[in-house]
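Descriptive analysis of the structure
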Amino acid sequence: MTHEFKTPIATISLAVDALKNEKVVGNKEKTDYFRSIIKEENKRMNKQVETILQAALLDKQEVQLNLKKFPAHDLIVSALNNINLQVEEKHGKLDVEMEAENDLIWADEVHFTNLINNLLDNAVKYSKENPHIKLSTKNSGNQLMIKIEDNGIGMNKETLSRI
């Protein structure tokens, strides 16, 4: 759970540092960009508090998913925007190919957002240098396929066996 807070805090810290940069101070577009990152990451931390409360209920086997229909691409784009600053900081690259024509899914928005954010966070976290992250979507029948690839260190056999 600490990982869920460390990443937004690190992103906010980078955005605050960028706001102090001379090249950004007089540039309204860049200032607005970094302010929006701070706002989004703050929202993300608030959602994490919700998740912690839900996890407590899960321990009691009382979790309630709030399933609704929404476009997955919107939440994926938001997650990509949030992680972009960290990728740039590590001189990395994001390749995005959202080819799915039908991205509507039934899911719990908070859990789906956490899923995408965690995968992207780990892709950055476990890449030694110059992370190269590829995210793609496509449809397979009536299903939405989301694929995230990275050039990270990978997982050992023990970790893979627990997935």
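Notes on the structure in this doc start here. (Residues numbered from 1 in each chain as written. Predicted model: local features only at pLDDT ≥ 70, side-chain atom pairs only at ≥ 80, totals over all residues. Heavy atoms only, no water.)

1. Some thoughts on the layout of surface pockets
Estimated volume of the largest pocket: approximately 400 Å³. As for the largest pocket, its lining consists of 14 residues, of which Leu-119, Asn-122, Tyr-126, Asp-150 and Met-155 are closest to the centre. Looking at the lining of the largest pocket, the element that brings in the most residues is helix H5 (residues 109-125), giving five residues. Grouping the amino acids of the lining of the largest pocket by side-chain chemistry returns eight nonpolar, five polar and one charged. (1 Å grid on protein atoms, 1.4 Å probe; cavity = no way out; pocket = protein on both sides within 12 Å on 5 of 7 lines; lining within 4 Å. Points joined across faces, edges and corners; volume = space filled by probe spheres on them. Helix = DSSP H or I, 4+ residues; strand = E, 2+ residues; numbered from the N terminus. Nonpolar A, V, L, I, M, F, W, Y, C, P; charged D, E, K, R; others polar.)

2. Digging into the sheet that holds strand S5 (residues 143-149)
The three strands lie next to each other as S2-S4-S5, forming an open sheet whose pairing is mixed. Either end of the sheet is taken by a strand with one partner, and the two such strands are strand S2 (93-98) and S5. Across the sheet, the mean angle separating the axes of adjacent strands is 10 degrees when strand polarity is ignored. One ladder, built from six bridges, connects S2 with strand S4 (residues 132-140); its direction is parallel. In the sheet register, Asp-95 faces S4, and the bridge partner there is Lys-134. Lying over the sheet, helix H4 (residues 72-89) contacts S2, S4 and S5, oriented at roughly 170 degrees with respect to S2. (Pairing = 2+ DSSP bridges. Axes fitted to C-alpha atoms, helices over the stretch in contact; angles between N-to-C directions. Contact = heavy atoms within 4.5 Å.)

3. Notes on the environment of Glu-41
With respect to the helices, strands and loops of the structure, Glu-41 is situated in helix H3 (residues 28-59). Its relative accessible area of 0% is what places Glu-41 among the buried residues. Glu-41 sits 42 residues away from Ile-83 along the chain, and the two C-alpha atoms are 9.7 Å apart. With near-sequence residues (within four places) excluded, Glu-41 lies in contact with Thr-7, Pro-8, Thr-11, Ile-12 and Asn-82. Here Asn-82 takes part through its side chain, which lies 3.2 Å from a polar atom of the side chain of Glu-41. (Buried < 20%, exposed > 50% of the residue type's maximum accessible area, 1.4 Å probe, protein only. Polar contact = N/O pair within 3.5 Å; in protein donor to acceptor, adjacent residues only side chain to side chain.)

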